[in-house]
Amino acid sequence: MKTTELSTQTIEAAKEALQKAGALLITAGAGMGVDSGLPDFRGDEGFWRAYPVAKKLGLSFVELANPRWFDEDPALAWAFYGHRLHLYRDTVPHPGFSMLLNAAKRKEEWFVFTSNVDGQFQRAGFDEEKIVECHGSIHHLQCTQCNAGIWSAEGTEVPIDMERFRALKWPRCERCGATARPNILMFGDWGWDSSRTDAQQARFEDFLQRIILKRLDLVIVEIGAGTAVPTVRITGERIAKELNGRLVRINPREPRIDSRLGWGLPLGGLEGIEALLA
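What counts and what doesn't
Residues numbered from 1 in each chain as written. Predicted model: local features only at pLDDT ≥ 70, side-chain atom pairs only at ≥ 80, totals over all residues. Heavy atoms only, no water. Salt bridge = Lys/Arg side-chain N within 4 Å of Asp/Glu carboxyl O. Helix = DSSP H or I, 4+ residues; strand = E, 2+ residues; numbered from the N terminus. Pairing = 2+ DSSP bridges. Axes fitted to C-alpha atoms, helices over the stretch in contact; angles between N-to-C directions. Contact = heavy atoms within 4.5 Å.

Draft legend 1. Focus on the pattern of salt bridges. Summed over all chains, the structure comprises 16 salt bridges. In this structure, the salt-bridge partner of Arg-166 is Asp-73, at a minimum N-O distance of 2.8 Å. With Arg-166 in strand 7 (residues 166-167) and Asp-73 in the loop between helix 5 (68-72) and helix 6 (74-90), the pair connects residues that are 93 residues apart, well separated along the chain. The salt bridge partner of Glu-242 is Arg-238, with a shortest N-O separation of 3.2 Å. Of this pair, Glu-242 and Arg-238 both sit in helix 10 (residues 231-242), four residues apart, which is roughly one turn of the helix.

Draft legend 2. Up close: the sheet that holds strand 8 (residues 180-184). What the three strands build is an open sheet, ordered 5-4-8; its pairing is antiparallel. At either end of the open sheet lies a strand with only one pairing partner, and these are strand 5 (150-152) and strand 8. Between one strand axis and the next, the sheet turns by 50 degrees as a mean value, whatever way the strands run. Bridge count between strand 4 (residues 136-143) and strand 5: three bridges; the pairing is antiparallel. Along strand 5, the bridge assignment pairs Gln-142 with Ile-150. Against the sheet, helix 6 makes contact with strand 4 and strand 8, and its axis sits at roughly 135 degrees relative to strand 4, the strand it touches most. The sheet contacts of helix 9 (residues 195-214) involve strand 4, strand 5 and strand 8, and relative to strand 4 the element is tilted by about 135 degrees.

The values reported here are purely geometric and, on their own, carry no functional implication.
In structure tokens, the structure reads:
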């Protein structure tokens, strides 16, 4: 569905609420990166289109995004995560990021809450101190064996034989020499070091408290957050209810929203941002 098919009243109501708001919360799922050319892992077929070799191996995204591979087959684990690390480094954020940043800077308070691990908000110029990456970041590493803490993946190179889908070398812990892994919350993951995300979450809670103390009107703009892993959607809806805020949901497949909470725009990420901020 294109912008012209949307109710003009819906778009105008959402735009007016955003313009009047004193606080902006941007929430984003995987759909935020599609317009930058990043793969959509929705469903096995979407994942296998991005990684056809995984289909040959009979591995779904859920099966491959599991920390056990770093112990059982680190060359396979780092073929997947190493490829993603280099992909995200090479990806230029689409213009919607800049549009959102400009909108945020006009507000008294703003923050970003995302399930994406790609670091695209930081690359687009968003303040590192105003972002929650609830599932961690591929640009940070941790040890698979010892409590060495979290360190930056900057400078880390992972050469990959894509035909065999095997990493030729991968990062190791400087303390104990064991295989390192991305500081990402994976499926069935009991070893994730959440300390970096916990610190982000604490700053986020301070942001929410400032909204309450200042009695600011809050608008939440949610982009590309689906129901398969509903963390972002649930978080936005909860905050909208608790702070009496309004939620604008931009999602081409799942735009449904309780009309008492806000508005749903059945658009892709960039298209929806342009409709809201143009």
